[in-house]
Amino acid sequence: MEIEELKRAAGHRAADFVMPGMVVGLGSGTTARYATLRIGQRLHEGTLRDIVGIPTSRQTCRLAREEGIPLTTLEEEVHIDVTIDGADEVDPHLDLIKGLGGFLLREKIVASVTEKEIIVVDDSKLVPTLGSKAPVPVEIVRFGWRCTRTAVERTGAETELRLREERPYMTDEGNYIIDCHYDEISSPKELASTLNNIPGVVENGLFLGLAHVMVVASPSGIEIIER
């Protein structure tokens, strides 16, 4: 199967977890996009009803509106039943690296108030330890960003300011992202705490203990892994 077919299969299977009457977190990224499309399709078919979605990015908000998914906000709904989101890496403990798409802050806020966080990936995202393939994205405020970057580098990271069209990439919240490459992440929990204690750091892309269900698509089929 082609990679896009795997992503579509995972996204469609994850959408089956959404039931009538739920508040649903709508993740961002290519695989989560297929889940949002499938939710919209189920609404049009009449096999799903009475749901509201909370998008994790402006991009997902536009897609959900195009698909006719009713939307709400965390100001109106402080509890989310199910969120379907993607990941850049998943380790055997179902801990994640997220944020290569640039939406890690809203995604982590949504995940933190979700009863069941469902992560959809293809099997290329499975790694023995976090940081094996992907950098750790760190969202930082623009003010004094070079000082913040220097402090982050003291954690052992090689850092890159994320660019788009040769200009600093800005998140939906107007912040910068620095991508942090580590030779080894021996203690993700300790690293996450250290990063978030640096003045100027808004959030990091280590999602630890937040995922409840993993929907993994591979050429041999769909596997459901639960914490």
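Computed from a predicted model, the values in this text were never measured in an experiment. (Residues numbered from 1 in each chain as written. Predicted model: local features only at pLDDT ≥ 70, side-chain atom pairs only at ≥ 80, totals over all residues. Heavy atoms only, no water.)

Q: Teacher, can you tell me more about the sheet that holds strand S8 (residues 158–161) here?
A: Through backbone hydrogen bonds, the strands of a sheet pair up, either in parallel or in antiparallel fashion. Strand order in this open sheet of four strands is S8-S11-S7-S12, and the pairing throughout is antiparallel. In the strand order of this sheet, the two ends are held by S8 and strand S12 (201–204), each with one partner. When strand polarity is set aside, the average angle formed by the axes of neighbouring strands in this sheet is 30 degrees. Taken together, the five bridges between strand S7 (residues 136–140) and strand S11 (residues 176–181) define a ladder with antiparallel strand orientation. Its bridge partner lying in S11, Val136 is registered against Cys180. Those strands touched by helix H4 (residues 104–112) are S7, S11 and S12, and its axis lies near 65 degrees from that of S12. Here helix H6 (residues 188–196) sits on the sheet in contact with S7 and S12, set at roughly 160 degrees to S12. (Pairing = 2+ DSSP bridges. Helix = DSSP H or I, 4+ residues; strand = E, 2+ residues; numbered from the N terminus. Axes fitted to C-alpha atoms, helices over the stretch in contact; angles between N-to-C directions. Contact = heavy atoms within 4.5 Å.)

Q: Just to check I follow, could you spell out the environment of Thr30 for this structure?
A: When you line up the elements, Thr30 lands in helix H2 (residues 30–45). Between the C-alpha atom of Thr30 and that of Gly11, which follows or precedes it by 19 residues, the distance is 9.3 Å.

Q: Just checking my understanding: could you explain the packing of aromatic side chains for this structure?
A: The description of two aromatic rings rests on the distance between their centres and on the angle between their planes. Per the stated rule, a full pass over the model turns up one aromatic pair. For the ring pair Trp145 and Tyr176, a centre distance of 5.9 Å and an interplane angle of 80 degrees mean the geometry is edge-to-face. Highlighted residues: Trp145 in helix H5 (residues 145–153) and Tyr176 in strand S11, separated in sequence by 31 residues. Of the residues examined, Trp145 reaches a relative accessible area of 15% and is grouped as buried. The ring of Phe207 carries Lys98 above its face, with NZ or CZ at 5.5 Å from the centroid. Over the face of the ring belonging to Phe207 we find Lys108, whose NZ or CZ atom lies 4.9 Å from the ring centre. (Phe/Tyr/Trp six-rings, centres within 6.5 Å; stacked < 30°, edge-to-face > 60°. Buried < 20%, exposed > 50% of the residue type's maximum accessible area, 1.4 Å probe, protein only. Lys NZ or Arg CZ within 6 Å of the ring centre and 35° of its normal.)

Q: Sorry if this is basic, but what is going on with the sheet that holds strand S1 (residues 23–26) here?
A: The six strands are arranged S2-S1-S3-S6-S14-S15 in an open sheet whose pairing can be described as mixed. Because the sheet does not close on itself, it has two edges, and the strands there are strand S2 (52–55) and strand S15 (221–226). Each adjacent strand pair in this sheet contributes to an overall mean axis angle of 20 degrees, direction not counted. With four bridges connecting them, S1 and S2 associate as parallel partners.

Q: Teacher, can you tell me more about the side chain of Thr171 here?
A: Tracing the sequence through the fold places Thr171 in the loop between strand S10 (167–168) and S11. Assessed through its relative accessible area of 7%, Thr171 is described here as buried. If we skip the residues at most four places from it in the chain, Thr171 touches Gly102, Glu139 and Ile177.

Interpretation in functional terms is not warranted from these geometric data alone.
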